[in-house]
Amino acid sequence: MTAGAPVDRAALLELATSAARLAGAILLEGRRAGGITVAATKSSPTDVVTAMDRAAERAIAAHLLAARPDDGLLGEEGDDRPGPSGVRWVIDPLDGTVNYLYDLPGWSVSIAAEAAGQTQVGVVLAPLAGELFAASRGDGATLDGVPIHCTAGVPLAQALVGTGFGYRSARRAVQAEVLQAVLPQVRDIRRLGSAALDLCAVACGRLDGYYERGLKPWDLAAGALIAEEAGAQVGGLAGAPPSTAFVLAAAPDLFAALDQLLVPLRPDRDA
Ligand code: IPD
Ligand code: CA
């Protein structure tokens, strides 16, 4: 395929799925073998990477490029290569690294394919749960092949809302301040620890809404498409598009209520 050619979304989805399953098996085996330790830190001493994050990204990249050598690739662990095909893969080989490190269950593999300026397909695999979330633009979202939909009609006061926190202390101070204002207004808050799974949780009704400041493209690409294809509105604040600055996802009625609550709190600022 060359840039501008029609996108075969079914083929991309199949390849994303096999790559995610390959990485999931590697990560599960790594956990079973034990001895997972921090290999390096990134934005702060608590922003960690393990050897398994890197091994999973290497396996995903090799798998994708073996099938489609002309595609571009952007991965959390450093892959950033252009490709002439017009398709670019956006990969988080292990979203929820801290959960993985502590042997908590909420970690995932997130793989999306972009073309023509939009995410075309996305998969999020939760290996421990054995669950695969998937979406293809315009074709809806599924969990293990079964169509999923976000929950509509939930009033703010009844909403279970997921969020996450950055790794830097100054940003967390603002996030704590925002949380203090949000918590009394909603049913409860969840901090699951994998942004990709948070977005999928909105998609299948396990969360009513989700917001977070400061995600990276690989945290967001697959999960945002899955949530959107499940009927959620995925955006930024006050009509802005979703971005690394801020992401809000919920059914459109709750999205509006959360937006109204969040905008005056300026949750996209830094201390
Ligand atoms: C993190 C997780 C977490 C979110 C952070 C992300 P990582 O990704 O998605 O839930 O709150 O903003 O950086 O570091 O585990 O790949
Ligand atoms: Ca991540």
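Look a little higher up for the structure.
Keep in mind it's a predicted model, so treat the numbers as computed, not measured.

About the criteria used
Residues numbered from 1 in each chain as written. Chains lettered and ligands numbered in written order. Predicted model: local features only at pLDDT ≥ 70, side-chain atom pairs only at ≥ 80, totals over all residues. Heavy atoms only, no water. Donors = N, O, S within 2.8 Å, 3.2 Å for Na, K, Ca; no water. Tetrahedral: all angles 85-135°; square planar, octahedral: opposite > 155°, others 65-115°. Helix = DSSP H or I, 4+ residues; strand = E, 2+ residues; numbered from the N terminus. Buried < 20%, exposed > 50% of the residue type's maximum accessible area, 1.4 Å probe, protein only. 1 Å grid on protein atoms, 1.4 Å probe; cavity = no way out; pocket = protein on both sides within 12 Å on 5 of 7 lines; lining within 4 Å. Points joined across faces, edges and corners; volume = space filled by probe spheres on them. Nonpolar A, V, L, I, M, F, W, Y, C, P; charged D, E, K, R; others polar. Contact = heavy atoms within 4.5 Å. Near = heavy atom within 4 Å. Polar contact = N/O pair within 3.5 Å; in protein donor to acceptor, adjacent residues only side chain to side chain. Sits in = over half its atoms within 2 Å of the grid points.

Trainee: I keep staring at the coordination of the calcium ion (ligand 2) and nothing clicks. Help me out?
Mentor: Octahedral metals with six donors have ideal donor angles of 90 or 180 degrees. Tetrahedral metals with four donors have an ideal donor angle of 109.5 degrees. Within the protein, Glu 76 (OE), Asp 92 (OD), Asp 95 (OD) and Asp 219 (OD) serve as the donor atoms for the calcium ion (ligand 2), at 2.1 to 3.2 Å. Around the calcium ion (ligand 2), the six donor atoms are arranged such that angles at the metal cover 61 to 160 degrees; this shape is classified as irregular. In primary-sequence terms, the residues that donate to the calcium ion (ligand 2) follow E-x15-D-x2-D-x123-D. Placement of Glu 76 in the loop between strand S3 (72-75) and strand S4 (80-81) and of Asp 219 in helix H6 (residues 217-229) is noted, with a sequence separation of 143 residues between them. You can call Asp 219 buried: its relative accessible area is 10%.

Trainee: Hey, could you run me through the layout of surface pockets in this one?
Mentor: Here the largest pocket defines a volume of roughly 740 Å³. As for the largest pocket, its lining consists of 33 residues, and the residues nearest its centre are Asp 47, Phe 165, Gly 166, Tyr 167 and Asp 219. Of all the secondary structure elements, the ones that give two or more residues to the lining of the largest pocket are strand S5 (87-95), helix H3 (97-101), helix H4 (169-182), strand S13 (209-213) and H6. Residue contributions to the lining of the largest pocket peak at four residues, all from H3. Residues of the lining of the largest pocket, tallied by class, amount to nine nonpolar, nine polar and 15 charged.

Trainee: In this structure, what is going on with the side chain of Ser 136? I would like to understand it.
Mentor: As for its position among the elements, Ser 136 is in strand S8 (residues 131-136). Overall, Ser 136 belongs to the buried group, its relative accessible area being 7%. Once residues within four sequence positions are removed from consideration, Ser 136 is found in contact with Arg 9, Leu 13, Gln 120, Val 121, Leu 225 and Glu 229.

Trainee: Just checking my understanding: could you explain the site of ligand 1 for this structure?
Mentor: In the region of ligand 1, 16 residues are neighbours, and Asp 95, Gly 96, Thr 97, Tyr 167 and Glu 212 sit closest. Within the backbone of Thr 97, a nitrogen or oxygen atom sits 2.9 Å from an oxygen atom of ligand 1. According to the grid-proximity analysis, the pocket containing ligand 1 is the largest pocket. With three residues, the single largest contributor to the shell around ligand 1 is S5. Residues that form the shell around ligand 1 fall into these classes: five nonpolar, five polar and six charged.

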